[in-house]
Amino acid sequence: MATFLYKLGRLAFRRRHFVALIWVALLTLAGVGAASAPTAGSSSFSIPGTEAQKAFDLLEQRFPGMSADGATARVVFKAPSGEKMADKANKAAVKKTVKALGDGSEVTSVTDPFKANAVSKDGSVAYASVKYKVSGMELQDSSKDALKEAAQDARASGLTVEVGGDALTATPETGSSEVIGIAIAAVVLVITFGSLIAAGLPLLTALIGVGIGVSTITALANALDLGTTTSTLAMMIGLAVGIDYALFIVSRYRAELAEGREREEAAGRAVGTAGSAVVFAGLTVVIALVGLSVVNIPMLTKMGVAAAGTVAIAVLIALTMIPALLGYAGRKVQPAGQKSKLLGGGRAAKNAGKPNMGTRWASFVVRRPLAVLLLGVVGLGAAALPASSLELGLPDDGSQPVSTTQRRAYDLLSDGFGPGFNGPLMVVVDAKASDDPKGAATEVSDKIKDLKGVVTVTPAAFNKAGDTATITVIPDSKPSSVKTEDLVHGIRDAGGGIKTDTDATVLVTGTTAMNIDFSQKLNDALVPYLALVVGLAFLLLIVVFRSILVPLKAALGFLLSVMAALGAVVAVFQWGWLSGLFGVEETGPIMSMMPIFMVGVVFGLAMDYEVFLVTRMREAYVHGEKPSQAIVTGFKHGARVVTAAAVIMIAVFSGFIGSSESMIKMIGFGLAIAVFFDAFLVRMAIVPAVLALLGKKAWWLPKWLDRALPNVDVEGEGLRALDAKRKDEDDDRELARV
């Protein structure tokens, strides 16, 4: 592989005009496609195989036009102090609002609080329910604006009016966070390379790769039913790996220049060596993202495949466009150890002969491997302890900042009707096979009333055919609580006995039940997903490092860093530690997607750092250095670059902590702390300590397996053979002249 990539790098350097033209043409084509494509809404959300989804599908069949998955809004009214909602003026204002709400083209129904018994016992709070034809993410802006205007008009009458529900769901805006991340990345790259030109190359190629990937996703979004979150994830991951991969190749190019090679040769060498690591690092990220299909949730599968495609583009750009741009840059990209005239006058560094920080740190670890290993493992283990009390769930309006109307509506409903009112359960009774459908529905209602934690059970509402009924159940606990989850399981358990007695099937659905099933499905898929991703990457790393223990150590170190990061997330977002520092206004269950999302994203990035750092060690060991010296050599050439890459990733992810959306805040914090733990504690401390303790055993591989594995030559051994061949040819020509 090294020889092939070496030739590819030299070809791209020589034919830079052609290579640049191809990538600019692809970017233009993708941009035109995105601009001309029809606007896509949210991707359809479904959770195949769950009871809540089966109930939704049944409602679509038995209640045509009901729009079971349509958006809902609750317009909550609170009377001024000392007044009641039934007072003449307040009642007139509510009726006017209800009439205005019913005028929307996407509205299917609006309930009048005074006709639907939707007034609190003390008479101070009332609410109107609005049902829409489409989901919250598909709702047109005009419908959302009409909802907001109706609430604002009602406020003018002196009432306190807030709006809850998923009708006001908005796509989170993260543009400013990305700009902050790119700005910090630029600063780190300038410090790392000491050159504005060299620093600009990774940023330019990463932005081109992300532009092609995201534009392609936008162009295909309507045809493939891709939601807005798909492009957001692709942008985040594509930007991260795009900068990383280009950073490693440019850094290796400068190192080759420092050894006295010509620029075309240095570009070929950089792509042949660092490029090999880029290919395998990219493969691990692709495996992690495509592996999300194991969860069997179409939305996650599409997100993973789309992001994996963006990563593949980043790999191809790093292998071809970076050497082409290096050809354009010429002498403006200085050899390692030198700075540009703008940043240092093109002089060699003052401490050129002094060991760099990576060398000094690696030498310390090699001398004290056991102490470093114990400190690292104990520290990460302590950070992971809170993960033992991890509670999974999906955020609701109760986790929104108190400044939002959704949160204020949530609190008003909780105060007026009880906490469970924000998360009603919909029980669907399929009595098509029953001899007495009404009797079966009555038995279901009676059984549910006897369950602990139930406040209200509404009368059964049948469809026109009279074979299916819906029953609304109000719990006495908030939607995201463990008590509500227990109640859902209790109703489902009771449904088994009812089916035996009446042949009627009982299904529990609704937003709350759907969230519970979604969390359970993700939880059940976590172990198979881990096994698939870690297992495939383990096999891939065996091929790369030609070792059993190095890949095993890499996988175990990753698990340790992810557990520590999950522990930190639990401590901040569930327990409330340092919540004020990170702007966490409401603690509660951890988002269900968090563990599996962290595993996928962090695993890919962690293996990036593992491959880039350890391949330099492997390269030094293969070329004759002792195991301990090979560790130091690997850090000498790779530590600075890996540190820069990790700092850039932490900065990018940390930018999302400032978001007002609790989910984005949690994802940003979780990924930032995970990269910190993995890059600086696992890869920089635990990895060299373990390798120092193992010595030559670290690179052991059974002979039969060594013969069976393909030789991918990540270390560039083929390039050394090429050098030797060239030297022999030069010697022969010299002898011929003599």
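Residues numbered from 1 in each chain as written. Predicted model: local features only at pLDDT ≥ 70, side-chain atom pairs only at ≥ 80, totals over all residues. Heavy atoms only, no water.

**Q** Hey, could you run me through the overall build of the protein in this one?
**A** Of regular secondary structure, the protein possesses 23 helices and 11 strands. Within the protein, residue pairs in contact and separated by at least 24 positions form 79% of the contacts whose partners lie at least 6 positions apart. Total accessible area computed for the protein in this model is approximately 31800 Å², and 60% of it derives from carbon and sulfur atoms. (Helix = DSSP H or I, 4+ residues; strand = E, 2+ residues; numbered from the N terminus. Contact = heavy atoms within 4.5 Å. Areas by Shrake-Rupley, 256 points an atom, 1.4 Å probe, with all protein chains shown as cover.)

**Q** Can you walk me through the pattern of salt bridges in this structure?
**A** When the charged atoms of two side chains with opposite charge come close together, those side chains can pair. One pass over the structure, following the stated rule, counts 19 salt bridges. Note that Asp 112 is salt-bridged to Lys 95, the shortest N-O span being 2.9 Å. On the criterion of sequence distance, the pair formed by Asp 112 in the loop between β2 (107-110) and β3 (125-132) and Lys 95 in helix α4 (residues 88-101) is long-range, its members being 17 residues apart. A residue is classified by how much of its surface remains accessible, and Asp 112, at 12% relative accessible area, is buried. Between Glu 610 and Arg 683 there is a salt bridge, with its nearest N and O atoms 2.6 Å apart. Taken as a pair, Glu 610 in helix α19 (residues 594-622) and Arg 683 in helix α21 (residues 662-694) lie far apart in primary sequence, 73 residues in all. With respect to class, Glu 610 is no different from Arg 683; both count as buried. Through salt bridges with shared partners, a single ionic network connects Arg 10, Arg 14, Glu 264, Glu 265 and Arg 269. (Salt bridge = Lys/Arg side-chain N within 4 Å of Asp/Glu carboxyl O. Buried < 20%, exposed > 50% of the residue type's maximum accessible area, 1.4 Å probe, protein only.)

**Q** Teacher, can you tell me more about the environment of Ala 565 here?
**A** With respect to the element layout, Ala 565 can be found in helix α18 (residues 549-574). Its relative accessible area of 0% is what places Ala 565 among the buried residues.

**Q** So what exactly am I meant to see when it comes to a nonpolar patch on the surface here?
**A** Among the surface-exposed residues, Phe 18, Ile 22, Leu 26 and Leu 29 lie close enough to one another that they form a single nonpolar patch of about 400 Å² accessible area. Mapped onto the elements, Leu 29 comes out in helix α2 (residues 16-36). (Patch = residues over 30% accessible without salt bridge, like charges linked within 9 Å, V, L, I, M, F, W, Y side chains within 5 Å.)

**Q** What is the right way to read the pairing of strand β6 (residues 425-430) from this model?
**A** Both faces of the sheet carry side chains from a regular strand, because those side chains alternate between them. Most of β6 is tucked away, with five of its six residues classed as buried. Pairing analysis gives five bridges linking β6 to strand β10 (residues 505-509), with the strands arranged antiparallel. In the sheet register, Val 429 faces β10, and the bridge partner there is Val 506. (Pairing = 2+ DSSP bridges.)

**Q** Please clarify how the environment of Val 454 should be interpreted in this entry.
**A** Topologically, Val 454 is positioned in strand β7 (residues 454-457). Between the C-alpha atoms of Val 454 and Thr 484, which are 30 residues apart in sequence, the distance is 9.3 Å. Once you skip the residues sitting within four places of it in the chain, Val 454 turns out to touch Ile 448, Val 473, Ile 474 and Leu 487.

**Q** Looking at this structure, how should I read helix α5 (residues 141-155)?
**A** Because each turn of an α-helix spans 3.6 residues, side chains separated by three or four positions end up pointing in the same direction. Spanning 15 residues, α5 covers 21 Å between terminal C-alpha atoms, matching the ideal 21 Å at 1.5 Å per step. Every buried residue of α5 is accounted for by Ser 143, Lys 144, Leu 147, Ala 150, Ala 151 and Ala 154. Taken down its axis, α5 places every buried residue within 125 degrees of arc, on the same side. Away from the buried face of α5 by more than 90 degrees, exposed residues Asp 141, Glu 149 and Asp 153 are located. Where α5 is buried, its residues touch β1 (72-78), α4, β3 and β4 (160-165). (Expected span 1.5 Å × (residues − 1). Arc of directions from axis to C-beta.)

**Q** Sorry, what's going on with unusual backbone geometry here?
**A** Residues apart from glycine generally show negative phi values, whereas peptide bonds are mostly found in trans. Positive phi values are uncommon outside glycine, yet Asp 503 reaches one of about 65 degrees. Look at Asp 503 and you get partly exposed, because its relative accessible area is 42%. Even without being a glycine, Arg 546 presents a positive backbone phi close to 50 degrees. As for its placement among the helices and strands, Arg 546 is situated in the loop between α17 (511-545) and α18.

**Q** In this structure, what is going on with the nonpolar core? I would like to understand it.
**A** As a rule of thumb, nonpolar side chains are buried together in soluble globular proteins. Formed by 168 residues in total, the largest nonpolar core has its most connected members in Tyr 245, Ile 249, Tyr 253, Phe 558, Phe 653 and Leu 671. Per element, the largest residue contribution to this core is 19 residues, and it comes from α21. Beyond its immediate stretch of four places on either side in the chain, Phe 558 contacts Leu 530, Val 534, Val 599, Val 602, Phe 603, Ala 606, Met 607, Asp 678 and Arg 683. Ranked by size, the runner-up nonpolar core spans 25 residues in total, among them Ala 73, Tyr 132, Leu 147 and Val 161. (Core = buried A, V, L, I, M, F, W, Y, C linked by side-chain atoms within 4.5 Å.)

**Q** Would you take a moment to explain a negative patch on the surface for this structure?
**A** Taken together, the side chains of Asp 141, Asp 145, Glu 149 and Asp 153 present a region of like negative charge at the surface. Within the secondary structure, Asp 145 sits in helix α5. (Lys, Arg positive; Asp, Glu negative; His and termini not counted. Charge placed at Lys NZ, Arg CZ, Asp CG, Glu CD.)

**Q** How should the packing of aromatic side chains be read in this particular structure?
**A** For any pair of aromatic rings, geometry is given as the distance between the ring centres together with the angle between the planes. One pass over the full model with this rule turns up nine aromatic pairs. With 5.6 Å between their ring centres and 50 degrees between their planes, Phe 676 and Phe 680 make a pair best called tilted. Note that Phe 676 and Phe 680 are positioned in helix α21 at a spacing of four residues, about one turn of the helix. With relative accessibility at 37%, the residue Phe 676 sits in the partly exposed group. Grouping aromatic residues by their ring pairs yields a cluster made of Tyr 127, Phe 417 and Phe 421. Over the ring of Phe 13 we find Arg 16, and its NZ or CZ is 5.4 Å from the ring centre. (Phe/Tyr/Trp six-rings, centres within 6.5 Å; stacked < 30°, edge-to-face > 60°. Lys NZ or Arg CZ within 6 Å of the ring centre and 35° of its normal.)

**Q** Help me understand helix α9 (residues 263-290), please; the structure alone is not making it clear to me.
**A** Counted at 1.5 Å a residue, the expected span for α9 with its 28 residues is 40 Å, and the 37 Å between its end C-alpha atoms agrees. The largest bend in α9 is about 40 degrees, located at Gly 275. (Bend = angle between axes of the 7 residues up to and from the residue.)

**Q** I tried to follow the sheet that holds β3 on my own but got confused; where do I start?
**A** Strand pairs in the sheet, formed through backbone hydrogen bonds, run parallel or antiparallel to each other. Here four strands make up an open sheet; going across it, the order is β2-β3-β1-β4 and the pairing antiparallel. At either margin of the open sheet sits one strand with a lone partner, and together these are β2 and β4. This sheet shows a mean twist of 20 degrees between the axes of neighbouring strands, independent of strand direction. Pairing of β2 with β3 involves three bridges; the strand directions are antiparallel. Note that in β3 the partner of Val 110 across the bridge is Val 130. (Axes fitted to C-alpha atoms, helices over the stretch in contact; angles between N-to-C directions.)

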